[in-house]
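One letter stands for each residue in the lines below.
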Amino acid sequence: SSLRSSSSLLSRGLLTASSAAAKPRHDVEGRAPPPLNQLSEHELALRDTVKRFSHDVIKPLVRSMDESSTFHDSVVKGVFANGFMGIEVPEKYQGPESSFFDAVLVIEELAKIDPSVSVFVDVQNTLVAPLIFQLGTEEQKQKYLPRICQDWVGAFCLSEAGSGSDAFALKTTAKKDGDDFVINGGKLWITNAGHASFFLVFANAEPEKGYRGITCFLVDRNAEGVSVGKKEDKLGIRASSTCPVNFDGVRVHKSAILGEYGKGYKYAIECLNSGRIGIGAQMIGLAQGCFDASVPYLQERKQFGSRLIDFQGMAFQVSEVGMEIEAARMLVYNAARMKEAGLSFVKEAAMAKLYSSIVASKATSKCVEWLGGVGFTKEFPVEKFYRDAKIGTIYEGTSNIQLNTIAKLIDAEYKNKA
Amino acid sequence: AEMRVLVGVKRVVDYAVKVRVKPDKTGVITEGVQHSMNPFDEIALEEAVKLKEKKAVTEVVAFSMGGPKCQEVLRTALAKGADKAIHIEIPDADASQLEPLHVARAMRKIIESDKFDAVFLGKQAIDDDANQTGSLLAGMMDWPQALYASKVEPDGKSLKVTREIDGGLDTIKVTLPAVLSADLRLNEPRYATLPNIMKAKKKPLEKKSAKDLGIDLAPQTKMVEVSEPPVRQAGGFVDDVPALIAKLKEKGFIKA
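Every chain's residues receive numbers from 1 upward, in the order its sequence appears when written. Each chain takes a letter, starting from A, and each ligand takes a number, starting from 1, following the order in which they are written. Two thresholds apply to this predicted model, a pLDDT of at least 70 for residue-level local features and 80 or more for giving and counting side-chain atom pairs, whereas whole-chain, interface and lining totals are computed over all residues. Heavy atoms throughout the structure, all of them, feed into the side-chain values; hydrogens and water do not.

A. Representation of the overall build of chain B within the structure. Broken down by element type, chain B carries seven helices and 11 strands. Judged by the C-alpha coordinates and their principal axes, chain B covers about 70 × 45 × 40 Å. Looking at chain B as a whole, 41% of its 256 residues are labelled buried. By element, 51% of the accessible surface of chain B is carried by carbon and sulfur atoms, the whole surface being about 14500 Å². One way to put it: in chain B the 40 positive side-chain charges average out to a point 2 Å from where the 38 negative ones average out. Strands here mean DSSP runs of E at least two residues long; helices mean DSSP runs of H or I at least four residues long; both are numbered from the N terminus. Each residue is assigned to one of three classes by its accessible area relative to the maximum for its type, calculated with a 1.4 Å probe on protein chains only: buried under 20%, partly exposed between the two thresholds, exposed over 50%. Per-residue and other accessible areas were derived by the Shrake-Rupley procedure at a 1.4 Å probe size, with only the shown protein chains allowed to occlude residues. In this tally, Asp and Glu contribute negative charge and Lys and Arg positive charge; neither His nor the terminal groups of the chain are included. Just so you know, the charge point we use is NZ for Lys, CZ for Arg, CG for Asp and CD for Glu.

Dropping the structure here:
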């Protein structure tokens, strides 16, 4: 079945990359290795900037952006102006040339105030920019990378009406015509499509070859035949635009191919691995932001003469949620550090995304309960976090897909041991 | 023509923190508490950087005096547009005894060795609300001072400064070199963007010890006690003005 072949493709990653056990760390003489959650001076300064920006610019607009399903201009301009877009883009292309972990920090911190803004920044940093700077020709890099840091939003077009989890059953075609390819098809559920200046489109150039025909094309929004459909009216992350994108006889030159012809499936899998860590970061930020908005209420509100948090039943629930958020954060941070250390992180990334999205759903649900009646109203921020959390178990690989991936990797791990 | 500005920045307890008094009443709790750059100093720095962008200033140097953690605010200053940073280090143990007079003395030493055309500072620090360093320095250097600035315009070898005073706005012209202190409405400070945080790592941060500079750090004042303000008592309602007057007389606030 295609599920089996999809998952065998995913587990292949394990056999080729080096595992954590094979690559020991180098310790500094006389110094204990630091804990995962101890950040460097630079990372603290960056987090502080994001915190201030979120608080000053985004926070006052969160509710209205959610209601209108739009981003305020100041927010979009602000994330670009502060260098949050294209975080890893090299200085050579006018980028900050910072680290993947920095991107994780930015995504997490933004989600504490607005998970919609967080995913806007996440897609650009974990899917769009990396594909271009890892696979792009010099010409493509010169065209897109500087603009990715300045004002162009990119969107990742993989899913379709007939293919979500079964991603490689996609039907969009790219028919060769001389030196060009003509793209026909429709993509669905495309995050950032409303704001996108360009798209990374996965289309099949040779359907007879199955997934081996899938090729990634760079398509500009103003290309003839490209149309962005009506925004979805969503339960959560409403300010983030999620739209259908249609390609009607869109003609692109072969130089629009990103990377190699027929290797699109490989690129999609590999970058979605990092994308998972990004979503993990969004989920832990979301959970933390909701928790931060709830605990002070429990300390202030009194019933039967005691603070709500002093009731053991309540306190125990708070402990559990606090612990789960901490555990989820460790999974996300460690997966990010593993990636930076050049270690294979496929299993850890899947675990991080799976767990943090589950924790976010539970934590936000509890927070609404703890706040009682007011938690159920829009006057308080928790109901929005509750709605926003749900997408975590769905996009960038459903929870079932993550479970499947992890199982295959564990199976392979133990097979190799025997 | 060269115009070099020295900007004083102080590391203080963050404005959003709920400050609590230490049990021994010798001060407020600073251990483990969020710190950041004094907000008025951020405004002073922003003004200097804006003038540099307008080409009226050629170099902005950030200055901070205190324990090792001062470097955090100096790095932030570099990320916000300062070209260089100077840290006058004193041992952590002496940091709580540091007074505006000592800071002014240190700034004078720096100005005497590297020529500066202006010193920008925040009007006061939000921890001690002293509002002294700028004036002390101006006195020591025999420089004019333009305090509580809400607008600054370069004017040849002078600065035209609009100041917020009790009666309204006062516009003065000071010949350089001069001391300027920033008030709230002077500008809105920029964020330290990620590209600038990255660039700041490569900018020079010079460290000098107060001892080596021969600065006298003997305290002039002694903190006797720090305590919380008295809990505000609830007021009372009266029915009319005669009742109010009777109450005020009864409580001894007006002569019977």
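B. Quick look at the overall build of chain A. The number of helices and strands found in chain A is 13 helices and nine strands. In this setup the radius of gyration rests on C-alpha atoms only. A globule is expected at 2.2 Å times the number of residues raised to 0.38. On C-alpha atoms alone, chain A measures out to a radius of gyration of 22 Å, which is about the 22 Å that the 2.2 N^0.38 rule sets for 418 residues. Taken along the three principal axes of its C-alpha coordinates, chain A extends 80 × 55 × 45 Å. Across the 418 residues that make up chain A, the buried fraction comes to 53%. Roughly 18400 Å² of accessible area belongs to chain A as shown, and the carbon and sulfur atoms make up 54% of that amount.

C. Structural detail: the pattern of salt bridges. Salt bridge criterion: a side-chain nitrogen from Lys or Arg within 4 Å of a carboxyl oxygen from Asp or Glu. Per the counting criterion, the structure on display carries 50 salt bridges over all chains. In this structure, the salt-bridge partner of B:E42 is A:R52, at a minimum N-O distance of 3.0 Å. One end of the pair, B:E42, is in helix α1 (residues 39–53); the other, A:R52, is in helix α2 (residues 41–58), on a second chain. Using a relative accessible area of 9% as the deciding quantity, one classes B:E42 as buried. Here A:K209 ties to A:E206 by a salt bridge, and the two come within 3.7 Å at their closest N and O atoms. The partly exposed category is assigned to A:K209, whose relative accessible area is 47%.

D. View of the UniProt feature "domain: Acyl-CoA dehydrogenase/oxidase C-terminal" (unreviewed entry) in chain A. According to UniProt, the feature "domain: Acyl-CoA dehydrogenase/oxidase C-terminal" (unreviewed entry) maps to residues 262–408 of chain A in the numbering used here. Structurally, residues 262–408 of chain A comprises 77% helix and 3% strand, and the distance from its first C-alpha atom to its last is 25 Å. UniProt positions are given in the numbering used here, feature names are shortened, and annotations may be inferred rather than shown by experiment.

E. Representation of the packing of helix α5 (residues 100–111) of chain A against helix α6 (residues 115–135) of chain A within the structure. All names here are of chain A. To obtain each axis, a line is fitted to C-alpha atoms, and for helices this fit is confined to the stretch in contact; angles are then taken between N-to-C directions over 0 to 180 degrees. For the pair α5 and α6, interaxial distance at closest approach is 7 Å and the crossing angle is 165°. Judged on the interaxial angle alone, α6 and α5 are roughly antiparallel. Crossing of α5 against α6: the hand is left-handed. Two secondary-structure elements touch here, α5 through F100, A103, V106, I107, L110 and A111 and α6 through P115, V117, S118, V121, D122, N125 and T126. Comment on the angle field: the value is read as roughly parallel under 35 degrees, roughly antiparallel over 145, roughly perpendicular from 65 to 115, and oblique elsewhere. With the far helix as reference, a near helix turned anticlockwise by less than a right angle produces a left-handed crossing, and one turned clockwise produces a right-handed crossing. Between two residues, a contact is recorded if the distance between any of their heavy atoms is within 4.5 Å.

F. Main features of the pairing of strand β10 (residues 178–182) of chain B. Residues and elements named next belong to chain B. The buried fraction of β10 is high, at five of five residues. The two faces of β10 match: A178, L180 and A182 on one face and V179 and S181 on the other face are all buried. Two strands are counted as paired when DSSP detects at least two bridges linking them. Alignment of strand β6 (residues 118–122) against β10, held across five bridges, turns out to be parallel. Note on β10: the bridge partner recorded for A118 is A178. Sheet topology places strand β7 (residues 145–155) next to β10; three bridges connect them, and they run parallel. Residue pairing for β10: Q145 is matched across the bridge by V179.

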